[in-house]
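# An overview of the molecular structure
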Amino acid sequence: MNRIRYQKNVQACLMACVLWCAGNMFAAAQNSQADAPGALQRVYRQMQAPEIQWQAGKAYASSPGENAHPLATTILEQMAGSKDPAQRAMALQAISASGSHAELDRLVNALADADAGVREAAAEGLRISDAGAVFDAVMRGYLGGSNTQCYALDGQLVALRGALEFPMLDVLENTREPEVRRCIAAHCLGMMNSPAAVQPLAGLAWSKNQQLAFASMRALVSSRNPAAMMDLVRLVAHPQESFRLLAVEGLAALGGLDAEKTLEGVVSSPQETSVPVRVRAAQVLGDWGAKSAVPALLEASLKEPEVRLAATDSLRRITGKQFGESAQQWWTWYETVRESWSRDASPLVPRQGRTQAVSPTGPMGPLSPAVPPGYNQYNTDEQQKNTGEQRKK
């Protein structure tokens, strides 16, 4: 702590010296009317030296925004756009040290810089900046940023969870917020693996607002939070196929006995009419080597060709037998080993993360800010209201 305090004191002294020198140079140039342009150019050239550029950044940091010295601001802008990564990184460090909220967009944009050192300087600057200002800058980044910038933001959300989690939850649960901001909040909460967001996201996955519901569903799955297990089990019965497929992906990522039994039901149930959902469930059971799933996969081998292909492939991987796609041969084999197989095939408890689900998330990208007329905003249920009240307490 003493070392950090000493470094800050030294930096403060250097900033003050640079401002004093810059002010004196400008005053001298202005008092010499005959050689004013030449004096200014000489000062400007002197300020281009790397060691002076760094001090100019420090000068900006000591008096940011409208109070910053004009020359320090000019040089800082040049440094931020320099081809030299070291110069860009120094500019970002000066911006973060200044505490200027207006310049945080530079830090957000720099997260997508080609240079790792610049990206780290931007990330560190955001981590030490005012939480409210960071939240606003991140929202602006997702609303107006390119896909590359949004992906870069995604990579920093876990590190920024302390600053962003509760403001994002407030936006997610506020029915007066624009739909696009609620969708961004859902995405961010999922990417940062927020434990407090599991129940709100699960509730909103059933929303009549389709865009918000889908964003919440994707976020719930991308969080890979074990607390979402039973919510994903229930979401396997969602009326929309895309949601059921995401629920299967979420269960595939989490693993466990509940996930296995649920996927066995999906693959063999006559109520599940979606071929892609049953195919994916069969593939996951094969990935896990789930011996207790053999009866369910045998049932699936009697269904559509796509489902039969996935089911028999999983049977081959689980049993080591080579009966191809012939459902009859698989059933004939099973009748000969049914009793011993049932006795030996205790339910498998897959390791968490054994199957890597295809991530349903990605950058939100430039979302449309318009909410179509007539959209039925979701009214949070009593459970979500209680969650919000507990959080405030």
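Each remark here, short or long, concerns the structure printed above.
So, here's what we can say about the structure. Because the structure is a prediction, the values reported are computed rather than measured.

Further remarks concern the overall build of the protein. From N to C terminus, the protein includes 21 helices and zero strands. A buried classification covers 48% of the 393 residues belonging to the protein. Counting contacts in the protein only where the partners sit at least 6 residues apart, residues at least 24 apart contribute 68% of the total. Of the roughly 19000 Å² of accessible surface on the protein, a fraction of 53% belongs to carbon and sulfur atoms.

Further remarks concern helix 15 (residues 241-254). Along its 14 residues, helix 15 runs 20 Å from first to last C-alpha, staying within 8% of the 20 Å computed at 1.5 Å per residue. Burial of helix 15 is extensive: 11 of the 14 residues sit out of reach of the surface. Of all the residues in helix 15, the buried ones are Phe243, Arg244, Leu246, Ala247, Val248, Glu249, Gly250, Leu251, Ala252, Ala253 and Leu254. In this structure, the buried side of helix 15 is in contact with helix 13 (210-223), helix 14 (229-235), helix 16 (257-268) and helix 17 (275-288). One or two steps after helix 15, the chain reaches Gly255, where phi turns positive at roughly 70°.

Turning next to the packing of helix 11 (residues 179-191) against helix 13. Direction vectors running N to C along helix 11 and helix 13 enclose 10°, while the axes themselves pass 7 Å from each other. Judged on the interaxial angle alone, helix 13 and helix 11 are roughly parallel. For the pair helix 11 and helix 13, contact is made by Glu179, Arg182, Cys183, Ala186, His187, Gly190 and Met191 and by Gln211, Leu212, Ala215, Ser216, Ala219, Ser222 and Ser223, respectively. Broken down by class, the residue content of the contact of helix 11 with helix 13 amounts to six nonpolar, six polar and two charged.

Once that is clear, we can look at the packing of helix 8 (residues 131-144) against helix 10 (residues 161-173). At their nearest, the axes of helix 8 and helix 10 sit 9 Å apart, and the two run at 60° to each other. Taken together, the axes of helix 8 and helix 10 lie oblique to each other. Both helix 8 and helix 10 take part in a crossing whose hand is right-handed. Where helix 8 approaches helix 10, its residues Ala131, Val134, Phe135, Val138 and Met139 are matched on the opposing element by Ala163, Leu164, Pro167, Met168 and Val171. Residues belonging to the contact of helix 8 with helix 10 are distributed by class as follows: 10 nonpolar, no polar and no charged.

Each value, and the rule that gives it
- Residues numbered from 1 in each chain as written.
- Predicted model: local features only at pLDDT ≥ 70, side-chain atom pairs only at ≥ 80, totals over all residues.
- Heavy atoms only, no water.
- Helix = DSSP H or I, 4+ residues; strand = E, 2+ residues; numbered from the N terminus.
- Buried < 20%, exposed > 50% of the residue type's maximum accessible area, 1.4 Å probe, protein only.
- Contact = heavy atoms within 4.5 Å.
- Areas by Shrake-Rupley, 256 points an atom, 1.4 Å probe, with all protein chains shown as cover.
- Expected span 1.5 Å × (residues − 1).
- Axes fitted to C-alpha atoms, helices over the stretch in contact; angles between N-to-C directions.
- Parallel < 35°, antiparallel > 145°, perpendicular 65-115°, else oblique.
- Nonpolar A, V, L, I, M, F, W, Y, C, P; charged D, E, K, R; others polar.
- Left-handed = near helix turned anticlockwise from the far one by under 90°.

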